[in-house]
Number of protein chains: 2
Amino acid sequence: MIIIGEKINGVIPSVKKAIEERDAEFIRNRAIQQEEAGADYIDICAATAPAVEVETLKWLIDIVQDAVDTPICIDSPDALFLKEVLPFIRKPGLINSVNLENIAGSDLDKCDVIFPLIEGTEWGVVALTCDSEHGTPQDVPTRVEITKGIVEKAAKYGITPDKIHIDPLVMALSTDNNSLLNFIESIKGIKAIYPTIKITSGLSNISFGMPARKLINQNFMTLAIYAGMDSAIMDPLNNGIMSSIFASEALLGRDRHTRKFSAAVRKGRIV
Amino acid sequence: MIIIGEKINGVIPSVKKAIEERDAEFIRNRAIQQEEAGADYIDICAATAPAVEVETLKWLIDIVQDAVDTPICIDSPDALFLKEVLPFIRKPGLINSVNLENIAGSDLDKCDVIFPLIEGTEWGVVALTCDSEHGTPQDVPTRVEITKGIVEKAAKYGITPDKIHIDPLVMALSTDNNSLLNFIESIKGIKAIYPTIKITSGLSNISFGMPARKLINQNFMTLAIYAGMDSAIMDPLNNGIMSSIFASEALLGRDRHTRKFSAAVRKGRIV
């Protein structure tokens, strides 16, 4: 499981406060803790007013890349802001996110802006299965169709499917009882065409509106790993979710002599 | 998930003591608690010396069937003891277990003794995939072959596959990293031939020799439900395992509007 650590995000109140107060130590610690907990990427999202977003992202980027070797997953709703901060990131990571929705007042979508920037680099992208025609579809064929559109656009810039983390934007189970089943079928449908592509997801949407959400999130992780999810945008310091990852990978024969599981128990990383 | 409650078993020290002291109240409470927690069958296993096993089983049977309506899963290693106590059970349940190993000093196996007794009744059986030739095989083709042998023998007595709970005897993951994967493939292989057959398992073998066993057991349950396991010999009072069941069934679209999950949280049945 490729872990995209989600804990440096301005929507989190303590992070918002740290950003406002320019508390570099707080941000640095969050980066280090996530790296130590096993994050493969550190997501950086400012979630500030647009007027200060680029400046805030640059401040965050500098702190994180000075603190850890883990690559950055740079996260903004605005493609032009992403374009502006990309040159300041020293090591290739992930761009979060692109999709096929037209940018307001333009004929271009985020792929059109971002893909040329990473042509010939090792950068990857998180790509959402949404476009201007369908919005955020929940059905498998439309998700597969949008994925095709993204992969074909990426191919024009030499970006191969293994660099693309497709996020099918899982719906809340309380709204759609077939949400996980559709996600699983989407994984199968997309991987049947692009075996090397990566499938990703956030973990909390699935349990929206339900009690005991952590139970749903943990079991979602277990089932999604089995179904072929490759990466997750998540909190690597969440012992419950990490338990699902270590236990599932051991159960699925991906942990020789169950050593990683046992080590994680010994180190108190899982509960 | 069909739950076979495992808490009235003489191998459990407190149950052993209750049996020795003929503490009927203790046994009665265990039956009631398991029924209330959602058990579909109450397993009864004496685990005493052979000389007193039949007498002990009869005592246990009377207490349980007076206390609850839930059918009994009668459990003995000895086919002849099972034969002897069966007439005392008022409501059809499950016999735990049969297999194709020859009974010592005989050409017959447990199927040969038990199947004629339940011909034309509603009784079902738990059947282990072991025989005299192969012992307890871990490979899928042999498990499927032994299942065929059991089903074909059952058919002679009019016992249909839906009355048979096949237990493929899952090996410890610490010994065989592919144990769950083989179990999943066994489920698929067996159900491809007998779609209505039931697959069952205990939950604790898988984690033998590992730390934090409950994490492995819980995630085993989640993955096994997805893979098509129908029943489990388990402790229905174990909140962790029940959490896996309720969360998985909700995630797999088997819990309309996630109502059962929400009710279980409200009643404190899951954590």
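Data block above holds the structure.
(A) Spatial organisation of the sheet that holds strand S7 (residues 198–202) of chain A. Residue and element names in this part refer to chain A. Pairing is parallel in the closed barrel, where eight strands are placed in the order S1-S2-S3-S4-S5-S6-S7-S8. Between one strand axis and the next, the sheet turns through 30° on average, direction left out of account. Relative to S7, strand S6 (residues 164–167) runs parallel, the two sharing two bridges. The residue bridging isoleucine 166 from the neighbouring strand is isoleucine 199, located in S7.

(B) Molecular detail of the packing of helix H1 (residues 13–20) of chain A against helix H2 (residues 24–36) of chain A. All names here are of chain A. Orientation of H1 relative to H2, taken along the N-to-C sense of each, is 135°, at an axis distance of 8 Å. Judged by the angle between their axes, H1 and H2 are oblique. Contacts from Ser14, Val15 and Ala18 in H1 reach Phe26, Ile27 and Arg30 in H2. Of the residues that constitute the contact of H1 with H2, the class distribution is four nonpolar, one polar and one charged.

(C) Examining the packing of aromatic side chains more closely. All names here are of chain A. This structure, assessed with the given rule, holds five aromatic pairs over all chains. On the numbers, 6.5 Å between centres and 55° between planes, the contact of phenylalanine 115 with tyrosine 157 is tilted. Taken together, the positions of phenylalanine 115 in helix H5 (residues 110–118) and tyrosine 157 in the loop between helix H6 (140–155) and S6 put the pair 42 residues apart, joining distant regions of the chain. Taking the relative accessible area as the measure of exposure, phenylalanine 115 reaches 0% and is therefore buried. For tyrosine 157, a relative accessible area of 23% translates into the label partly exposed. A cation over an aromatic ring shows up here: arginine 22 above the ring of tryptophan 59, its NZ or CZ 4.8 Å from the ring centre.

(D) Molecular detail of the layout of surface pockets. Taken as a whole, the largest pocket spans an internal volume of roughly 620 Å³. Going through the elements one at a time, strand S1 (2–9), strand S7 (198–202), helix H8 (213–227) and strand S8 (231–234) of chain B are the ones with two or more residues in the lining of the largest pocket. Among the elements that line the lining of the largest pocket, the one with the most residues is H8(B), at four residues. Counted by class, the lining of the largest pocket contains 11 nonpolar, nine polar and six charged residues. Contributing to the lining of the second largest pocket are 22 residues, with A:Glu6, A:Asn9, A:Asp75, A:Asn96 and A:Ile233 lying nearest its centre.

(E) The pairing of S7(B), seen in detail. Residue and element names in this part refer to chain B. In terms of burial, S7 is a largely internal element, four of the five residues being buried. The parallel pair strand S6 (residues 164–167) and S7, bridged by helix H7 (residues 179–193), forms a crossover whose chirality is right-handed. Sheet analysis places S7 next to S8, joined by three bridges and oriented parallel. Along S8, the bridge assignment pairs threonine 200 with serine 231. Each parallel crossover has a hand, and for S7 linked through H8 to S8 it is right-handed.

(F) Focus on the sheet that holds S1(B). Residue and element names in this part refer to chain B. With respect to topology, eight strands assemble into a closed barrel ordered S1-S2-S3-S4-S5-S6-S7-S8, the strand pairing being parallel. Here the average twist between neighbouring strands, direction ignored, is 30°. Sheet analysis places S1 next to S8, joined by four bridges and oriented parallel. Paired with glycine 5 across the bridge in S8 is methionine 234. Strands S1, strand S2 (41–45) and strand S3 (72–75) of the sheet are contacted by helix H3 (residues 50–67), whose axis makes an angle of about 160° with S2.

(G) Examining the relation of the copies chain B and chain A more closely. Superposing chain B onto chain A takes a rotation of 180° plus a shift of 0.0 Å along the axis, which leaves an RMSD of 0.0 Å. Such a combination of rotation and displacement between the chain copies is what one expects of a two-fold axis. Residue B:Leu223 of chain B places its C-alpha closer to the rotation axis than any other residue of that unit, at 3.2 Å. Interface overlap between copies is the fraction of interface residues in one copy that are interface residues in the other; for chain B against chain A it reaches 100%, indicating a shared surface.

(H) Representation of the pattern of salt bridges in the model. On inspection of all chains with the given rule, the structure shows 24 salt bridges over all chains. Across the pair A:Lys16 and A:Glu20 runs a salt bridge, and its minimum N-O distance is 3.3 Å. Of the two residues, A:Lys16 and A:Glu20 both sit in helix H1, four residues apart, roughly one turn of that helix. On the basis of relative accessibility, which here comes to 44%, the residue A:Lys16 falls in the partly exposed class. Using a relative accessible area of 55% as the deciding quantity, one classes A:Glu20 as exposed. Measuring nitrogen to oxygen at the nearest pair gives 3.0 Å for the salt bridge that ties B:Asp112 to B:Lys153. With B:Asp112 in helix H5 (residues 110–118) and B:Lys153 in helix H6 (residues 140–155), this residue pair connects regions lying 41 residues apart in the sequence. It is possible to trace a salt-bridge network through shared partners that takes in A:Asp109, A:Asp112 and A:Lys153.

(I) View of the interface of chain B and chain A. Contacts between the two partners involve 34 residues from chain B and, on the opposite side, 34 residues from chain A. Between chain B and chain A, roughly 3,000 Å² of surface is buried when both sides are summed, and carbon and sulfur atoms account for 73% of that area. Broken down residue by residue, the surface that chain B buries against chain A is led by B:Asn177, B:Tyr226 and B:Leu251, which jointly contribute 24%. Applying the counting rule to chain B against chain A returns zero salt bridges. If you look at where chain B meets chain A, you find four residue pairs in polar contact (both at pLDDT 80 or more). Elements with a minimum of two residues in the side of chain B that touches chain A: H7, H8, helix H9 (239–251) and helix H10 (259–266) of chain B. Here the element with the most residues in the side of chain B that touches chain A is H8(B); it accounts for seven residues. For the side of chain B that touches chain A, the residue count by class is 21 nonpolar, 10 polar and three charged.

Thresholds applied
- Residues numbered from 1 in each chain as written.
- Chains lettered and ligands numbered in written order.
- Predicted model: local features only at pLDDT ≥ 70, side-chain atom pairs only at ≥ 80, totals over all residues.
- Heavy atoms only, no water.
- Pairing = 2+ DSSP bridges.
- Helix = DSSP H or I, 4+ residues; strand = E, 2+ residues; numbered from the N terminus.
- Axes fitted to C-alpha atoms, helices over the stretch in contact; angles between N-to-C directions.
- Parallel < 35°, antiparallel > 145°, perpendicular 65-115°, else oblique.
- Contact = heavy atoms within 4.5 Å.
- Nonpolar A, V, L, I, M, F, W, Y, C, P; charged D, E, K, R; others polar.
- Phe/Tyr/Trp six-rings, centres within 6.5 Å; stacked < 30°, edge-to-face > 60°.
- Buried < 20%, exposed > 50% of the residue type's maximum accessible area, 1.4 Å probe, protein only.
- Lys NZ or Arg CZ within 6 Å of the ring centre and 35° of its normal.
- 1 Å grid on protein atoms, 1.4 Å probe; cavity = no way out; pocket = protein on both sides within 12 Å on 5 of 7 lines; lining within 4 Å.
- Points joined across faces, edges and corners; volume = space filled by probe spheres on them.
- Right-handed = clockwise from strand over helix to strand, strands pointing away.
- Least-squares fit on C-alpha atoms with pLDDT ≥ 70 in both.
- Salt bridge = Lys/Arg side-chain N within 4 Å of Asp/Glu carboxyl O.
- Buried area = accessible area lost by both parts, 1.4 Å probe.
- Polar contact = N/O pair within 3.5 Å; in protein donor to acceptor, adjacent residues only side chain to side chain.

It is worth stressing that arrangement in space is one thing and function is another; only the former is reported here.
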